[in-house]
Amino acid sequence: MDDFTLYNIQALLNGYIDAKIPASLRTMVKLTYELNNDELILTEERPVDRQTPWEKQHIARFCWESEQWKVYALAEGGCTWHTVDGIGPQACFEDLLEQVERDEAGLFWR
């Protein structure tokens, strides 16, 4: 993936996160993402208590494969990722993010 594409994805996600989590709730929940090579993992974080770091819950995994984005959801139990029926590969990252946001199958926002 080229630098321009990475910059656009980061800008898109930063705007999405700002819109999704109101400022008044950011001490209770935050969305973050980890971008490594051709993989991006969207994560929700919540504080456990004051002595421990925030607990992470992975929401979705996006992979750039064969010039397309694919999205994966965590299997029951949260240990392995699986493809999502009904959400095919897309050339546009934003289209997949929109489908994750809608979450018609209830796989991402539990």
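Residues numbered from 1 in each chain as written. Predicted model: local features only at pLDDT ≥ 70, side-chain atom pairs only at ≥ 80, totals over all residues. Heavy atoms only, no water.

Student: Just checking my understanding: could you explain the overall build of the protein chain for this structure?
Tutor: Looking only at helices and strands, one finds 2 helices and 5 strands in the protein chain. Of the regular secondary structure in the protein chain, the N- to C-terminal order runs α-β-β-β-β-β-α. With the C-alpha coordinates of the protein chain rotated into their principal frame, the extents come out at 45 × 35 × 25 Å. The burial tally for the protein chain puts 30% of its 110 residues in the buried class. With the model as given, the accessible surface of the protein chain reaches about 7000 Å², and the carbon-plus-sulfur share is 48%. (Helix = DSSP H or I, 4+ residues; strand = E, 2+ residues; numbered from the N terminus. Buried < 20%, exposed > 50% of the residue type's maximum accessible area, 1.4 Å probe, protein only. Areas by Shrake-Rupley, 256 points an atom, 1.4 Å probe, with all protein chains shown as cover.)

Student: I tried to follow the nonpolar core on my own but got confused; where do I start?
Tutor: With 23 residues, the main nonpolar core has Ala 60, Phe 62, Trp 69, Val 71, Phe 93, Leu 97 and Phe 108 as its most contacted residues. For this core, the secondary-structure elements that each account for two or more residues are helix 1 (3–20), strand 2 (39–46), strand 3 (55–65), strand 4 (68–74) and helix 2 (93–102). Filtering out sequence-adjacent residues up to four positions away, Phe 93 remains in contact with Ile 9, Leu 12, Leu 13, Leu 40, Phe 62 and Trp 69. (Core = buried A, V, L, I, M, F, W, Y, C linked by side-chain atoms within 4.5 Å. Contact = heavy atoms within 4.5 Å.)

Student: Would you mind showing me how to read the side chain of Gln 99 here?
Tutor: Tracing the sequence through the fold places Gln 99 in helix 2. Look past the residues within four positions of Gln 99 in its chain and what remains in contact with it is Gly 86, Ile 87 and Gln 90.

Student: I tried to follow the sheet that holds strand 1 (residues 30–36) on my own but got confused; where do I start?
Tutor: Sheets are built from strands that pair by backbone hydrogen bonding, the pairs being arranged parallel or antiparallel. The sheet built from 5 strands is open, its strands ordered 1-2-3-4-5 with antiparallel pairing. Across the chains shown, the open sheet's two edge strands, defined by having one partner strand only, are strand 1 and strand 5 (81–83). Pairwise comparison of adjacent strand axes, ignoring direction, gives a mean angle of 30° for this sheet. Two elements, strand 4 and strand 5, share 3 bridges in a ladder whose sense is antiparallel. In the sheet register, Tyr 72 faces strand 5, and the bridge partner there is Thr 83. (Pairing = 2+ DSSP bridges. Axes fitted to C-alpha atoms, helices over the stretch in contact; angles between N-to-C directions.)

Student: How do you make sense of the pairing of strand 3 when you look at a structure like this?
Tutor: Moving residue by residue along a regular strand, the side chains alternate between the two faces of the sheet. Pairing analysis gives 8 bridges linking strand 2 to strand 3, with the strands arranged antiparallel. What sits directly across from Glu 45, in strand 3, is Lys 56. The pairing of strand 3 with strand 4 spans 5 bridges and is classified as antiparallel. Looking at strand 4, one finds that Cys 63 is bridged to Lys 70.

Student: Sorry if this is basic, but what is going on with the packing of aromatic side chains here?
Tutor: All told, the structure shown has 3 aromatic pairs when counted by the stated rule. Judged by centre distance (5.4 Å) and plane angle (55°), the rings of Trp 64 and Trp 69 are tilted. Through a chain of ring-to-ring contacts, the aromatic side chains of Phe 62, Trp 64, Trp 69 and Phe 93 assemble into a single cluster. Stacked on the ring of Trp 109, the Lys or Arg Lys 20 has its end atom at 4.3 Å from the ring centre. Above the face of the Trp 54 ring, Lys 30 is positioned so that its terminal group lies 4.4 Å from the ring centre. (Phe/Tyr/Trp six-rings, centres within 6.5 Å; stacked < 30°, edge-to-face > 60°. Lys NZ or Arg CZ within 6 Å of the ring centre and 35° of its normal.)

By themselves, these observations are geometric and do not establish any function.
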